[in-house]
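Letter by letter, the chains look like this.
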Amino acid sequence: MLWKSLIALCVIGAAFAEQTPVFLWGANSVAKPSLKTVPQAEFAEQLATLLEDHMVVAFEENGLSSKDFLCSNSLSQSCYAQLQGVSPKTYYTSVENPTEALRSVAAKREHNSIDASGKLVNPAKCAAGKALFVSFEDSKESREATLESHDAAIAAISKQFECKVAYLYLAAPSTAPVVQRRARRDTAATTGGTYFRSTNQFFIFYTALLYNSDPVTFTGISVQNDTSSKFTVTLSSASKSLVFDVSNSGGYFSLSNVKYGDEAFRVTGIVNAPTTFSYACGNLTLESAATDGRYNSLSFKSLQLQAPFDGSYSVDFPFGDSWDCVGFVSPGILMGLLVVALLLVIMFIGVCWMMDINTMDRFDDPKGKTITINAAAD
């Protein structure tokens, strides 16, 4: 029974294995027959050899197939005008799980993405033995225009590295998250809300602010610098002021010590985001300590704020990509994972049962005496 279970696992694993095309350039590689799928282990050995003295950059294209390499634009020109001129280069028609092969042999791995302007979101340093996985943003353009823009971005990024680099252009795994970014808010066109800006230090926007369901209006903002990694923001009004600290730690900015008038509100661990992103929340409610069994609340509607902690930002900088307050793992995702796990268990048991079906080991003897059963009516 054990060996049958192992065979069933192999069958299930083969069903989930991905065979995708891979375009490799920048380093000499071994050519393979076009009609043969390169096994994951074999491809991993080849990448391990490259990583000894190269950095490997893998550009992951969503939904990449062999048909895409035949793409042409309206002028009958190839969508990969830049990649056509690279050398040396090798094209593999089918490779089994190329991304997982690279992950398995790379001790140092980094992830990055290319924004709409064709640049890396985070600067990348060149180092031998490192694997850099680069993904693309989703685009609403046609497939041809998308591939052309990605080809130009790859060519521009390839010129940034000065060490020995081997490049891979392959399909993004089906389990990889799709990079989706919210459009940046144009502050000049903001309507229906309130925003305050303090040079290039702090920027906040919200559509409404309620204290125990009563609207609160502020008239100005002031910032007091405490240290290079911390400052205090004051939103002033005719009656009470809202005061809170903004601090930078490990590349993340966070809010603390929120006070409205003389009343403190709990905010520890709630508002934090990378300094290159803007924190966004559709409905953020902060509560005070209990007073006579009652909690006071401070609610922001459609809140978005950012503290770059970077002097290179312009005075009228726009919001960065949104770091939403909603957690990644929602109840719907957990229910989906539970259903998938249940279906996999049922399929595994069913495969095991089918493999355990055997033919009968005993049959009636045709030369023997016929069995006669007398049936009498009552």
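Residues numbered from 1 in each chain as written. Predicted model: local features only at pLDDT ≥ 70, side-chain atom pairs only at ≥ 80, totals over all residues. Heavy atoms only, no water.

Engineer: I'd like to hear about the state of the cysteines, residue by residue, with values.
Structural biologist: Per the counting criterion, the structure on display carries three disulfides. Covalent S-S linkage joins Cys71 and Cys79, the inter-sulfur distance amounting to 1.9 Å. Where Cys71 bonds to Cys79 through sulfur, the torsion about that S-S bond is close to -45°, and the disulfide is left-handed. On the accessibility criterion, Cys71 (11% relative accessible area) is buried. In this structure Cys79 comes out as buried when scored by relative accessible area, which is 2%. Across a sulfur-sulfur distance of 2.1 Å, Cys281 and Cys325 are joined as a disulfide pair. Judged by the sign of its S-S torsion, about 75°, the cystine formed by Cys281 and Cys325 is right-handed. With a gap of 44 residues between them, Cys281 in strand 17 (residues 278-287) and Cys325 in the loop between strand 19 (322-324) and helix 5 (331-355) connect regions that are remote in the sequence. When the cysteines of the protein that form disulfides are numbered from the N-terminus onward, they connect as 1-2, 3-4, 5-6. (Disulfide = S-S within 2.5 Å. Buried < 20%, exposed > 50% of the residue type's maximum accessible area, 1.4 Å probe, protein only. Helix = DSSP H or I, 4+ residues; strand = E, 2+ residues; numbered from the N terminus.)

Engineer: Got a sec to walk through the pattern of salt bridges? Specific residues and values, please.
Structural biologist: One pass over the full model with this rule turns up seven salt bridges. Where Arg103 meets Glu100, a salt bridge forms, and the shortest distance between an N and an O atom there is 3.9 Å. Taken together, the positions of Arg103 and Glu100, both in helix 3 (residues 98-105) and three residues apart, correspond to about one turn of that helix. On the basis of relative accessibility, which here comes to 40%, the residue Glu100 falls in the partly exposed class. (Salt bridge = Lys/Arg side-chain N within 4 Å of Asp/Glu carboxyl O.)

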